[in-house]
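# Per-entry structural report
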Amino acid sequence: MSIDSTRVSVDDTDPQIQWNGPWFTTQDFYVDTFGNGSPFLNTMHGIRSNGSLTFSFYGRWVAVWGSLTLRNGTLGPDPYWRCVIDGSESEHPLVLPSRPYSNYAFCLQTLREGNHTLRLDAIIQTETLYIDVVQYTAGPGADVGSAWTEVSNEDARFTYSPDWTTHENGYWKWTYRPGAWLTYDFNGTDVIWGGYTPRNTGVGPGKAQYQIDGGDLKTFVIPQPSEAANNQAYFNVTKLKPGPHRLTVTNAGDESTAALGINYIYTKNASTTPRSSSAKVIGAAVGGSLGAVLLAVLGILAVIWFRRRQRQRGHDASSIGGTTLGKAMSTTSGSPDIRELHTPVSPTPGPWSQPAGFPPHQHSIITSNGEHSPTTLVAAQGPYQPTASWSGATPPTTPPTPPNRPNMFVTPSNPRLQRGASASSGMPPPASIAAATNGPQSPVSFTASPSGSSPTSPTFFNPISPTGAGTQQNAWPTQVPVPLIQDGRQDYAEYHPNR
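The following paragraphs examine the structure supplied in this document.

Procedures and definitions
- Residues numbered from 1 in each chain as written.
- Predicted model: local features only at pLDDT ≥ 70, side-chain atom pairs only at ≥ 80, totals over all residues.
- Heavy atoms only, no water.
- Helix = DSSP H or I, 4+ residues; strand = E, 2+ residues; numbered from the N terminus.
- Buried < 20%, exposed > 50% of the residue type's maximum accessible area, 1.4 Å probe, protein only.
- Contact = heavy atoms within 4.5 Å.
- Areas by Shrake-Rupley, 256 points an atom, 1.4 Å probe, with all protein chains shown as cover.
- Disulfide = S-S within 2.5 Å.
- Core = buried A, V, L, I, M, F, W, Y, C linked by side-chain atoms within 4.5 Å.
- Patch = residues over 30% accessible without salt bridge, like charges linked within 9 Å, V, L, I, M, F, W, Y side chains within 5 Å.
- Salt bridge = Lys/Arg side-chain N within 4 Å of Asp/Glu carboxyl O.
- Polar contact = N/O pair within 3.5 Å; in protein donor to acceptor, adjacent residues only side chain to side chain.
- Pairing = 2+ DSSP bridges.

## Remarks on the overall build of the protein
For the protein, the count of helices and strands is 1 helix and 28 strands. Expressed as a percentage of its 499 residues, the buried residues of the protein come to 41%. Across the protein, the fraction of contacts at a sequence separation of at least 24, relative to all contacts at a separation of at least 6, is 75%. Roughly 27100 Å² of accessible area belongs to the protein as shown, and the carbon and sulfur atoms make up 55% of that amount.

## Thoughts on the state of the cysteines
By the definition in use, this model includes 1 disulfide. A sulfur-sulfur distance of 1.6 Å marks the disulfide that ties Cys 83 to Cys 107. Given an S-S torsion of about -80°, the disulfide between Cys 83 and Cys 107 has left-handed geometry. With Cys 83 in strand S8 (residues 80–85) and Cys 107 in strand S10 (residues 101–123), this residue pair connects regions lying 24 residues apart in the sequence. By relative accessible area, which is 0% here, Cys 83 ends up buried.

## Remarks on the nonpolar core
Grouped together as the largest cluster of nonpolar side chains are 29 residues, with contacts concentrated most on Val 62, Trp 81, Phe 106, Leu 120, Leu 129, Ile 131 and Tyr 136. The set of elements that each furnish at least two residues to this core consists of strand S1 (7–11), strand S5 (51–68), S8, S10 and strand S11 (129–137). Per-element accounting of this core gives the leading share, 7 residues, to S10. In this structure, Leu 182, Trp 193, Tyr 210 and Ile 265 belong to the second largest nonpolar core, which totals 24 residues.

## Considerations on a nonpolar patch on the surface
A cluster of nonpolar residues, Val 293, Leu 294, Leu 295, Val 297, Leu 298, Ile 300, Leu 301 and Ile 304, forms a patch on the protein surface that exposes about 750 Å² of accessible area. Secondary-structure assignment places Leu 294 in helix H1 (residues 273–321).

## As for the environment of Gly 215
When you line up the elements, Gly 215 lands in the loop between strand S17 (206–212) and strand S18 (218–222). Using a relative accessible area of 33% as the deciding quantity, one classes Gly 215 as partly exposed. Residues Gly 215 and Leu 247 lie 32 residues apart in sequence; the distance between their C-alpha atoms is 9.7 Å.

## Observations regarding the side chain of Thr 43
Within the secondary structure, Thr 43 sits in strand S4 (residues 43–47). Overall, the relative accessible area of 7% leaves Thr 43 in the buried class. Within the local environment of Thr 43, its side chain forms a polar contact with the side chain of Asp 11, the two groups lying 3.1 Å apart. Side-chain polar atoms of Thr 43 contact the side chain of Asp 12, separated by 2.8 Å.

## A few points about unusual backbone geometry
The residue after Asp 78, namely Pro 79, is reached through a cis peptide bond having omega 0°. Tracing the backbone shows Pro 79 in the loop between strand S7 (76–78) and S8. A positive phi is found at Leu 41, a non-glycine position, where the angle reads about 60°. Inspection of the secondary structure assignment puts Leu 41 in the loop between strand S3 (24–27) and S4. Here Leu 41 falls in the partly exposed class, since its relative accessible area comes to 35%. With phi around 55°, Asp 86 is a residue other than glycine that occupies positive phi space. You can see Asp 86 is positioned in the loop between S8 and strand S9 (88–90). By relative accessible area, which is 43% here, Asp 86 ends up partly exposed.

## Points about the pattern of salt bridges
Once the charged atoms of two side chains with opposite charge are near each other, the side chains can pair. Tallied over the entire structure, the rule returns 8 salt bridges. When the shortest N-O distance is used, the salt bridge between Asp 121 and Arg 82 registers 3.5 Å. Of this pair, Asp 121 sits in strand S10 while Arg 82 sits in strand S8, placing them 39 residues apart in sequence. Take Arg 82: its relative accessible area is 35%, and that puts it in the partly exposed class. If you follow the salt bridges from partner to partner, you end up with Arg 82, Arg 119 and Asp 121 in one network.

## Some points on the pairing of S4
The buried fraction of S4 is high, at 5 of 5 residues. The side-chain alternation of S4 yields two buried faces, one formed by Thr 43, His 45 and Ile 47 and the other by Met 44 and Gly 46. As judged from the 4 bridges shared by S3 and S4, these two strands associate in the antiparallel manner. Paired with Thr 25 across the strands is His 45, a residue of S4. By the bridge criterion, 3 bridges tie S4 to S11 in an arrangement that is antiparallel. Among the inter-strand pairings, Gly 46 is bridged to a residue of S11, identified as Tyr 130.

## Things to note about the side chain of Gln 232
Mapped onto the fold, Gln 232 is located in strand S19 (residues 229–232). A relative accessible area of 10% means that Gln 232 is categorised as buried. From its side chain, Gln 232 meets the backbone oxygen of Gly 35 in a polar contact 3.3 Å long. Among the polar contacts made by the side chain of Gln 232, one reaches the main-chain carbonyl oxygen of Asn 230 at a distance of 2.6 Å. With sequence-adjacent residues up to four places away left out, Gln 232 is seen in contact with Asp 32, Gly 35, Asn 36, Gly 37, Trp 193, Gly 194 and Gly 195.

The values reported here are purely geometric and, on their own, carry no functional implication.
Have a look at this one:
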């Protein structure tokens, strides 16, 4: 619970207080010397020899309360004590009592807000010193959790009916008016009434009633005061459900009875820990669910990306190894043209020969932006593979088909793109090839001449020769450009059956 200028009460049984020396505890200890009130929660720590206590806190005021019966010993007052705060000894806040005293202030000091450490040193000869409670004022907005707090009767959470009297020091309030009431709103589980009764020897005992949240009325008695009484725990309410509550106290006496008065109310605040834990559990559950959904979405996206990647790879593979097994890109000096060589699926060469003096085949450069340029040449893309030999002056129109060779020959429609012998070679251009077959063909055998000259070509049927036979002559199959579509435009690339 966060409230401003809260006076936190730390009972002697609280582990925040560190005890050094032969301290002992008392349970259900009730001492009300000269009407100064009983111990807080009826427990105290006592010591009969030297010892100390230490308490660290964050705040701006601190006090230590207890009980003692002071005597003058051979070495001075007994018991005696020293208060040391942050290493500096502070003076005693009150004069030493000449009689037994309960709820006595051993230490009391106003400080600058911050972290502090208090130490009380007990100096004992023969008497006993009792410590009841340590109080400190927390800073504004401090979260004191489920701690006990002492709430002054001047706090804004109190509401009073008319006819209440306030002492000049502001520490006490009282009323003799029948039916006078007060309400106290709090957020907690326990309250202890800290009552006050002014001295009045001409009246009898008084009485009053209290209730929580408009529930049943309960009556308590106010003793006849021979002396003024302070810090009187006339009633307490415990084990309420954590949360906001309202305490209502009403005077049931009159002018002939003891007055209803108040110093303060002890309040045990509602702990915020369970609520925070619930919020953390809910937050963890929601976070876990969102995390699972996020992982599922990421998994789906990963699958989609993987499938698209596979399809892209398949597309790239088909463009590389489907009908075209290779792509060659080169650039000539001054011309950034792109060339593509389409290769048949079965590039195994046949056993063909080449006659002496036959000009080597050279690939031409087919540009993507212009016509075939026979004057721009590049080196052959691989070792020369001979083709079939033919006899006769004119090669046949249908060449022999190598074994397992697919139908890959295409008749060019543009005569300017037909490849043949140049004018300087003296050879007639080969005829256009219309088709090829996939049937097997026996290889041609060659026999060396007796004179050691060039081998004699065998005689076989020549469909072009009038006689149907002729001398074998090596013939290079006409290279036919294959139309391609590149960048939205029709292009041509060379085709070589033996590459």
